[in-house]
Amino acid sequence: MASITLQWPDGTVLPAIGQGTWKMGEDPSQRKAEIAALQHGLDRGLTLIDTAEMYGEGGAEEVVGAALEGRRDEAFIVSKVYPHNASRKEMIKACDRSLRRLNIDAIDCYLLHWGSSTPIDEIIEGFMHLQQAGKIKGYGVSNLDDREMEAWWQHDNGALCQTDQVLYHLGSRGVEYRLLPLLRERRLPMMAYCPLAQGGRLRQHLMSSPAVVDVAQRHGVTPQQILLAWVIREQHGQRSVIAIPKAVHPDHIDDNVAALDITLPPEDTALLDQAWPAPARRQPLDVE
Ligand SMILES: NC(=O)c1ccc[n+]([C@@H]2O[C@H](COP(=O)([O-])OP(=O)(O)OC[C@H]3O[C@@H](n4cnc5c(N)ncnc54)[C@H](OP(=O)(O)O)[C@@H]3O)[C@@H](O)[C@H]2O)c1
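The model shown is predicted, which means the values in this text are computed figures rather than measured ones.

Moving on, we come to the overall build of the protein chain. The secondary structure content of the protein chain amounts to 11 helices and 9 strands. By the compact-globule yardstick of 19 Å for 288 residues, the protein chain fits well, its C-alpha radius of gyration being 18 Å. By its C-alpha atoms, the protein chain is 55 × 45 × 35 Å across when sized along the principal axes. Taken over 288 residues, the protein chain has a buried fraction of 55%. Relative to all contacts within the protein chain whose residues are 6 or more apart in sequence, the contacts with residues 24 or more apart total 77%. In the form shown here, the protein chain has an accessible surface area of approximately 12,600 Å², with 47% of it arising from carbon and sulfur atoms. Within the protein chain, one finds 29 positive and 39 negative side-chain charges whose respective centroids are separated by 2 Å.

Before going further, it helps to examine the UniProt feature "binding site: substrate" (unreviewed entry) in the protein chain. Sequence positions flagged by UniProt for "binding site: substrate" (unreviewed entry) are, in local numbering, H113. Take H113: it is sitting in the loop between β5 (109–112) and α4 (120–132). Residue H113 is classed as buried on the basis of its relative accessible area of 6%. Among all residues touching H113, those that are not within four sequence positions of it are A52, M54, Y55, K80, V81, P83, S142 and N143.

This next bit is on the UniProt feature "active site" (unreviewed entry) in the protein chain. When the UniProt feature table is mapped onto this chain numbering, "active site" (unreviewed entry) sits at Y55. Note that Y55 resides in the loop between β3 (48–50) and α2 (59–67). Not counting chain neighbours up to four residues away, the residues in contact with Y55 comprise T21, W22, M24, D50, A60, K80 and H113.

Each aromatic ring pair is summarised here by two numbers: the centre-to-centre distance and the angle between the ring planes. Using the criterion set out here, one finds 7 aromatic pairs in the structure. Put simply, the rings of Y110, F127, Y139 and W152 touch in pairs and so form one group of aromatic residues. Sitting above the plane of the W22 ring, K23 keeps its charged end 4.2 Å from the centroid.

Turning our eyes to something else, we now look at the pairing of strand β7 (residues 164–167). The two faces of β7 match: D164 and V166 on one face and Q165 and L167 on the other face are all buried. In this sheet, β7 lies alongside strand β6 (residues 139–142) in parallel orientation, the contact comprising 2 bridges. Across the sheet, S142 pairs through a bridge with Q165, a residue of β7. Taken together, β6, helix α5 (residues 146–153) and β7 form a β-α-β motif whose crossover is right-handed. Regarding topology, helix α6 (residues 179–185) serves as the crossover connection from β7 to the parallel strand β8 (residues 190–193), and that connection is right-handed.

Taken together, 27 residues sit near the ligand, with W22, D50, K246, H252 and N256 positioned nearest. One of the backbone nitrogen or oxygen atoms of T21 is found 3.1 Å away from an oxygen atom of the ligand. Interatomic distance of 3.3 Å between a side-chain N/O atom of Y55 and a nitrogen atom of the ligand. Per element, the largest residue contribution to the shell around the ligand is 3 residues, and it comes from helix α10 (residues 250–258). In the shell around the ligand, the residues fall into 11 nonpolar, 11 polar and 5 charged.

Quick look at the side chain of S79 now. One can find S79 in strand β4 (residues 76–81). One polar contact links S79 to E61, side chain to side chain, over a distance of 2.5 Å. Residues in contact with S79, not counting those within four places in the same chain, are T51, A52, E53, E61, S98, L102, I107, C109, Y110 and L111.

Picture the strands of a sheet paired through backbone hydrogen bonds; they go either parallel or antiparallel. In space, the 7 strands of this open sheet follow the order β3-β4-β5-β6-β7-β8-β9, with parallel pairing throughout. Here the strands that pair on one side only, and so sit at the sheet edges, are β3 and β9 (241–243). Taking the axes of each pair of neighbouring strands and ignoring which way they run, one obtains an average angle of 25° across the sheet. With 3 bridges joining them, β5 and β6 adopt parallel strand pairing. Considered in β6, the bridge of Y110 is made with Y139.

Positive phi values are uncommon outside glycine, yet K23 reaches one of about 85°. Within the fold, K23 resides in the loop between β2 (13–15) and α1 (31–43). Residue classification places K23 among the partly exposed residues on the basis of a relative accessible area of 40%. Positive phi, normally seen in glycine, also occurs at A197, with a value near 60°.

Scoring rules and cut-offs
- Residues numbered from 1 in each chain as written.
- Predicted model: local features only at pLDDT ≥ 70, side-chain atom pairs only at ≥ 80, totals over all residues.
- Heavy atoms only, no water.
- Helix = DSSP H or I, 4+ residues; strand = E, 2+ residues; numbered from the N terminus.
- Rg over C-alpha atoms; globule rule 2.2 N^0.38 Å.
- Buried < 20%, exposed > 50% of the residue type's maximum accessible area, 1.4 Å probe, protein only.
- Contact = heavy atoms within 4.5 Å.
- Areas by Shrake-Rupley, 256 points an atom, 1.4 Å probe, with all protein chains shown as cover.
- Lys, Arg positive; Asp, Glu negative; His and termini not counted.
- Charge placed at Lys NZ, Arg CZ, Asp CG, Glu CD.
- UniProt positions renumbered as here; feature names shortened; annotations may be inferred.
- Phe/Tyr/Trp six-rings, centres within 6.5 Å; stacked < 30°, edge-to-face > 60°.
- Lys NZ or Arg CZ within 6 Å of the ring centre and 35° of its normal.
- Pairing = 2+ DSSP bridges.
- Right-handed = clockwise from strand over helix to strand, strands pointing away.
- Near = heavy atom within 4 Å.
- Polar contact = N/O pair within 3.5 Å; in protein donor to acceptor, adjacent residues only side chain to side chain.
- Nonpolar A, V, L, I, M, F, W, Y, C, P; charged D, E, K, R; others polar.
- Axes fitted to C-alpha atoms, helices over the stretch in contact; angles between N-to-C directions.

So, in structure tokens, the structure goes:
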């Protein structure tokens, strides 16, 4: 079992780093490598796999399904429903399609991908119905900010929401101001997407930042591993964040597994804080 773990609200112990699948299932020439990557991750203990009906319009779920053949029990599967499919009737159909592509009986945690115009009560009713039917084991949300979460929790069965999956990395720390403390108070894990800042200029800027390079050199690891170790670090005496980097390259997967063994001492986090400060005020939720 991977070293840094945390407990999901249903009691399942999960490694604090999982596997993302956005951009998988889009290019048939990559399919074999993507399946092998997820299987390699599972072999190495990265048991949480995050996917969505949106990724590759079902293609990513098919890749996950192929990777799970004969080893469903080793994985904890998170998938997401499109907001426009979040009505009680459409959600059942969307979930059935996801289950077929994933080739499994039940999704471990089914998330609303982002805020929907469907009333919250109806969305929750849909999740409850799926849970009673044994098609999902739990539900969560994604891309909801602190105020939206507080509103969610006011609804019947809103408190059963297991997680909020949001963008979080060293260069984007807005959620630390209020959302993360609210989730922590309720002992709910936050899932951090784009923990490596995905791509583009910010990523380059982060990786070459002297503070990140310095900390990485001292630990003898890559800047990316430091970014992951930072995302899953203990905050206020608790570890409550699960990072879900997407990696197809086998070396990247091995590095991500190894990041589960990196503990950043206070002098490292202080250096990183100085270069990439925590938010001093509330900020809108980042989505890219
Ligand atoms: N809920 C939402 O709205 C939402 C939005 C975006 C993403 N997500 C989820 O979060 C996951 C992660 O986000 P993301 O895929 O956008 O970005 P990311 O994980 O921040 O970055 C992925 C990129 O990092 C590379 N990489 C992975 N591990 C590495 C390592 N150890 N060293 C160097 N490079 C490494 C990957 O390369 P290779 O693939 O070549 O190995 C890939 O190019 C997604 O796949 C998806 O499951 C959710």
